[in-house]
Amino acid sequence: MNITKDIIYVGVNDHTIDLFEGQYTVPNGMAYNSYVIIDEKIAVMDSVDARFTDEWLNNIENVLRGRKPDYLIVQHMEPDHSANITSFAESYPDAKIVSSAKAFAMMKNFFSTDFVERQIIVGEGDTLSLGKHNLTFITAPMVHWPEVIVTYDTTDKVLFSADGFGKFGALDTDEDWACEARRYYIGIVGKYGAQVQALLKKAAALDIQTICPLHGPVLTENLGYYINLYDIWSSYGVESDGVVIAYTSVYGNTKKAVMLLAEKLRLSGCPKVVVNDLARCDMAEAVEDAFRYGKLVLATTTYNADIFPFMREFIHHLTERNFQSRTVAFIENGSWAPTATKVMKEHLSKCKNLSFAETEVKIMSALNSESEKQLTALSDELCK
Ligand code: FEO
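Definitions and cut-offs
- Residues numbered from 1 in each chain as written.
- Predicted model: local features only at pLDDT ≥ 70, side-chain atom pairs only at ≥ 80, totals over all residues.
- Heavy atoms only, no water.
- Core = buried A, V, L, I, M, F, W, Y, C linked by side-chain atoms within 4.5 Å.
- Buried < 20%, exposed > 50% of the residue type's maximum accessible area, 1.4 Å probe, protein only.
- Contact = heavy atoms within 4.5 Å.
- Helix = DSSP H or I, 4+ residues; strand = E, 2+ residues; numbered from the N terminus.
- Polar contact = N/O pair within 3.5 Å; in protein donor to acceptor, adjacent residues only side chain to side chain.
- Pairing = 2+ DSSP bridges.
- Salt bridge = Lys/Arg side-chain N within 4 Å of Asp/Glu carboxyl O.

What follows concerns the nonpolar core. Counting 95 residues, the largest nonpolar core has Phe20, Met107, Leu298 and Phe314 as its most contacted members. Sequence-distant contacts of Phe314, defined by excluding residues within four places in its chain, comprise Ala246, Leu278, Met283, Ala286, Val287, Ala290, Leu296 and Leu298.

Here's what the structure looks like:
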């Protein structure tokens, strides 16, 4: 697949993976992208996951038609991209490895060698000429590891964006970009909004016509759409109006309250109501929803003087990703000493710019007229 006349795709699709990064379900698989830039000198951009050594090396060989690569440019050392650096180095012993100083330190840890005889260390603004194509390296620390660099081809106006603008899903499946890009971004890079903002600022100074990420499709049109979403996500802005209700329910009474609240919100004209049962839904989808919408309702039971485990895990996913700038409301249930709202507020106490809804719903085992009134008041408050 040609991206431009000289840039060719040599990545692979993975339909056998069970959990990406050991935790994310990927129903449509995963793509590990790699590219070759053919010029007087030849550069290969990143390697692929360990399980695709032969396929990747064959892809490279097929597009080079007897020529040999001069450089392997390593933008990111996470093993989904770095696992085949050694197999490349063995296949092409004359090729140089181009990467950041931090990446070479990681290579030593991963592979017991940092290719000292063959390494070219690059940093912010360094350039590499392949002939016609001039590459400029831009540091992108914590997007998504500290060693990351992205690469701008000034000739074809292509940004090789490492994990940035990536998504779950193999390239031979047809699915909406935003849904799986958002779940990927929030799950994997969400904590590092400030660092993504810094990279977006650097990217804004470039004339970019194509974005070549390490996962997901190459982006060639309407780049403003993707960049705008990345700007919203990395600044923790509200992407869509609506209310997300995340809940756990042991015997169905908390669920009943949640369903009643959802109905009241819909009847009041709330633009979108999303309900996630944290014990049964994909946790990464629920986390993604919390970051997407402006208002979040947390409903859970008091449990072992704490809160129900799935809710604790959910809140932990939020706080470790710098969840902020949202309205949060609480529904607690407890049969003798309900303290879930207090505990949830404590768990959220380090989050910036949260405003807690005035109305709190307290259920003592099952809904009654008092708690139903509180649900009506909460619906009114959230729909104001
Ligand atoms: Fe796709 Fe952070 O590796």
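What follows covers the side chain of Thr302. Relative to the assigned elements, Thr302 resides in strand β18 (residues 293-303). Within polar-contact distance, the side chain of Thr302 engages the backbone nitrogen of Ala340 at 3.3 Å. When near neighbours in sequence (up to four residues on either side) are disregarded, Thr302 contacts Asn333, Gly334, Ala337, Pro338, Thr339 and Ala340.

Moving on, we come to the pairing of strand β20 (residues 327-333). Within β20, six of the seven residues are buried, which leaves the element mostly enclosed by the surrounding structure. Of the pairings in the sheet, the one linking β18 to β20 comprises seven bridges and is parallel in character. When the sheet's bridge partners are listed, Ala299 is paired in β20 with Ile331. Relative to strand β21 (residues 355-363), β20 runs parallel, the two being bridged by six bridges. Looking at the pairing, Val328 lines up with Phe356 of β21.

Below, the discussion takes up the pattern of salt bridges. Using the criterion set out here, one finds 17 salt bridges in the structure. Here Arg183 makes a salt bridge to Asp282, at a shortest N to O gap of 3.1 Å. Linking Arg183 in helix α5 (residues 177-189) with Asp282 in the loop between β17 (273-277) and α9 (283-292), this pair joins segments that are 99 residues apart in sequence. With relative accessibility at 27%, the residue Asp282 sits in the partly exposed group. With its nearest N and O atoms 2.9 Å apart, the salt bridge here joins Lys362 to Glu332. In this pair, Lys362 is assigned in strand β21 and Glu332 in strand β20, connecting sequence segments 30 residues apart. On the basis of relative accessible area, Lys362 is assigned to the partly exposed category, the value being 40%. The structure contains a network of salt bridges with shared partners spanning Glu180, Arg183, Asp282 and Glu285.

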